[in-house]
Amino acid sequence: MNALYRLAIAYFCLFALALLASGTALALLKGGFSPESVGAYYAPKSALGLLEIAQPHLVGIGIFIMVLGHFFLFVKASVRLHVKVLYLFALIMILAPFAITAADSPLVLLKVLATPAFVLLSALLSLKLLRHARRG
């Protein structure tokens, strides 16, 4: 693999890991990942407020996953199923707040479970890609 590709992939992976870490830190500072705190955060929001949160996340996370999956083509590692699962976690994570109509809604668990699953799988795939890029 071209050294320039390896460098671009490595930088992407490092920035991806930094993005995941800072996003997790922000979520923890806003109240954490407990069902109670997530429900209390989303339940009072209007449909417009939820749409204002969801719209940039749909675009940004969609592009993030597409680029991550695309870079795996350069290192000849198949992660097709992982990328599909990542898209599924992302959609649940982004769209679940629309189903949360009360702070004690059982649908809060969708958001609570999908968010760390998305972060962990994204981090693992980024680390795997970084390892492949470093080997050439």
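Analysis parameters
- Here the residue numbering is sequential within each chain, running from 1 through the sequence in written order.
- Per-residue local features of the predicted model are confined to residues with pLDDT of at least 70, and side-chain atom pairs are confined, for both listing and counting, to 80 or more; whole-chain, interface and lining totals are unaffected and use all residues.
- Hydrogens and waters are ignored; side-chain quantities use all the structure's heavy atoms.
- Throughout, nonpolar core names a set of buried Ala, Val, Leu, Ile, Met, Phe, Trp, Tyr and Cys residues whose side chains join them through atoms within 4.5 Å.
- Note on exposure labels: buried denotes an accessible area under 20% of the residue type's maximum, exposed denotes more than 50%, and partly exposed covers the range between, all computed with a 1.4 Å probe on protein chains only.
- Numbered from the N terminus, helices here are DSSP runs of H or I no shorter than four residues, and strands are runs of E no shorter than two.
- Any pair of residues with heavy atoms lying within 4.5 Å of one another is described as a contacting pair.
- Here the expected span of a helix is defined as 1.5 Å times the quantity of residues minus one.
- This arc is taken over the directions from the axis of the helix to the C-beta atoms.

**Brief notes about the nonpolar core**
Grouped together as the largest cluster of nonpolar side chains are 30 residues, with contacts concentrated most on Ile 65, Leu 68, Phe 72, Phe 118 and Leu 129. For this core, the element with the most residues is helix H5 (residues 108-135), which contributes 9 residues. Ignoring any residue separated from it by four or fewer positions in sequence, one finds Leu 68 in contact with Phe 12, Leu 86, Ser 122, Leu 125, Ser 126 and Leu 129. Judged by nonpolar contacts, the second largest core, of 6 residues, contains Leu 50, Ile 100, Val 108 and Val 112.

**A word on helix H4 (residues 80-95)**
The end-to-end C-alpha separation of H4 is 23 Å, in line with the 22 Å expected for 16 residues at 1.5 Å each. Along H4, the positions that sit buried rather than exposed are Val 83, Leu 86, Ala 90, Met 93 and Ile 94. Across the axial projection of H4, the buried residues extend over an arc of 90°, all falling on one side. Residues of H4 that are exposed and angled more than 90 degrees away from the buried face: Arg 80, Leu 81 and Lys 84. Residues of H4 that are buried make contact with helix H3 (47-74) and H5.

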